[in-house]
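Residues per chain, in single letters:
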Amino acid sequence: MKLFIDSANPEEVKKMAELGIIDGVTTNPSLATKAGIDYRKAVDQILATVDGNVSLEVLSTDAQGMMGEARNLSKLHNNVVVKLPTTPEGLKALKILKAEKIRVNMTLVFSANQALLVAKLGAYIVSPFAGRLDDIGASAIDVISEIRQIYDNFAFETQILFASVRSPLHVKQAALAGCDIATCPYEVLEKLVHHPLTDVGLKKFLSDFKESGQKPLV
Ligand code: E4P
């Protein structure tokens, strides 16, 4: 399973890229606002830092506007994947952009049927928003497992991206359900990397060896 960072903050992207654990990036208009820096500059830096897919979202709500933005976004870099909302206008735009060979990530997906539609229309990625489903008491993992089964039943090639990750548990659920990608906030990636018992264990290895008075092997 690929791991993406869900961020529009180039510093966060750089730190995780240096650790070598991320395969791509997702952003959205809320993350761009949260980053609090010039969005265009941030995107340029992110595209220069990561050698993997970077999903950038359109701001139009009509199909014509979405297609115009998508064509321009896709020219920024070969790694750009355009995010469209899963609305009737988004579906119209997806069909045309697919024919133009522009890779599209259909976002704000909350049901297996929405995922079925976007796969039929040739989406490159589908983004079910797990956290937002769990937040309202629905079972995100049930929806995502249904999507996996439907895609396998019909050999759809659309990649399933587990989005709106809230915790390391979500990452494990994504992997167990056979998702292709999970996109995680910086804080969740940090939690995947660190474990308190690893730190305690390492400290003890080193102090035990020091106490023994032995010389290191090399
Ligand atoms: C990713 O593509 C989504 O935009 C993101 O994961 C949404 O996460 P949120 O529900 O935490 O805003």
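Calculation notes
Residues numbered from 1 in each chain as written. Predicted model: local features only at pLDDT ≥ 70, side-chain atom pairs only at ≥ 80, totals over all residues. Heavy atoms only, no water. UniProt positions renumbered as here; feature names shortened; annotations may be inferred. Helix = DSSP H or I, 4+ residues; strand = E, 2+ residues; numbered from the N terminus. Contact = heavy atoms within 4.5 Å. Buried < 20%, exposed > 50% of the residue type's maximum accessible area, 1.4 Å probe, protein only. Pairing = 2+ DSSP bridges. Right-handed = clockwise from strand over helix to strand, strands pointing away. Near = heavy atom within 4 Å. Polar contact = N/O pair within 3.5 Å; in protein donor to acceptor, adjacent residues only side chain to side chain. Areas by Shrake-Rupley, 256 points an atom, 1.4 Å probe, with all protein chains shown as cover. Nonpolar A, V, L, I, M, F, W, Y, C, P; charged D, E, K, R; others polar. Axes fitted to C-alpha atoms, helices over the stretch in contact; angles between N-to-C directions. Parallel < 35°, antiparallel > 145°, perpendicular 65-115°, else oblique. Left-handed = near helix turned anticlockwise from the far one by under 90°.

- Per an unreviewed UniProt entry, the recorded name for the chain is Putative transaldolase, and the organism is Candidatus Curtissbacteria bacterium GW2011_GWA2_41_24.
- According to the UniProt record, the Subcellular location (unreviewed entry) comment for the chain reads "Cytoplasm".

Concerning the environment of Val25
Right, on to step 1. Tracing the chain through its elements places Val25 in strand β2 (residues 24-26).
Right, on to step 2. Sequence separation of Val25 and Phe4 is 21 residues, and the distance between their C-alpha atoms is 4.9 Å.
Right, on to step 3. Those residues in contact with Val25 that sit more than four places away from it in its chain are Phe4, Ile5, Ser7, Val13, Ile46, Val50, Asn53, Val54 and Ser55.

Quick word on the pairing of strand β5 (residues 104-109)
Right, on to step 1. For β5, a buried count of five out of six residues is recorded, marking the element as mostly surrounded by other parts of the structure.
Right, on to step 2. In this structure, strand β4 (residues 80-85) lies alongside β5, joined through four bridges in parallel fashion. Following the sheet pairing, Pro85 is matched in β5 by Thr107.
Right, on to step 3. At this point the chain moves from β4, through helix α5 (residues 88-99), to the parallel β5, and the crossover so formed is right-handed.
Right, on to step 4. Inspection of the sheet shows β5 paired to strand β6 (residues 125-128) by three bridges, in the parallel sense. Bridging from a neighbouring strand, Val109 pairs with Pro128 of β6.
Right, on to step 5. Read as a crossover between parallel neighbours, the route from β5 over helix α6 (residues 112-120) to β6 is right-handed.

Thoughts on the site of the ligand
Right, on to step 1. Taken together, Asp6, Thr26, Asn28, Lys83, Phe129, Arg132, Ala163, Ser164, Arg166 and Thr183 make up the full set of residues near the ligand.
Right, on to step 2. In this structure, Asn28 approaches the ligand through a side-chain N or O atom, which is 2.7 Å from an oxygen atom.
Right, on to step 3. Arg132 is positioned with one of its side-chain polar atoms (N or O) 2.7 Å from an oxygen atom of the ligand.
Right, on to step 4. Protein burial of the ligand: of its 340 Å² of free accessible surface, 86% is covered by the chains.
Right, on to step 5. The residue makeup of the shell around the ligand, split by class, is two nonpolar, four polar and four charged.

Describing the packing of helix α4 (residues 63-76) against α5
Geometry of a packed helix pair, given as the angle between the helix axes and the separation of the axes.
Right, on to step 1. Two numbers describe how α4 lies on α5: the axes approach to 8 Å, and their chain directions differ by 45°. In this view, α4 runs oblique relative to α5, as classed from their interaxial angle. Crossing geometry of α4 relative to α5 is assigned as right-handed. Across from Ala63, Met66, Met67, Ala70 and Arg71 in α4, the residues of α5 making contact are Glu89, Gly90, Lys92, Ala93, Ile96 and Leu97.

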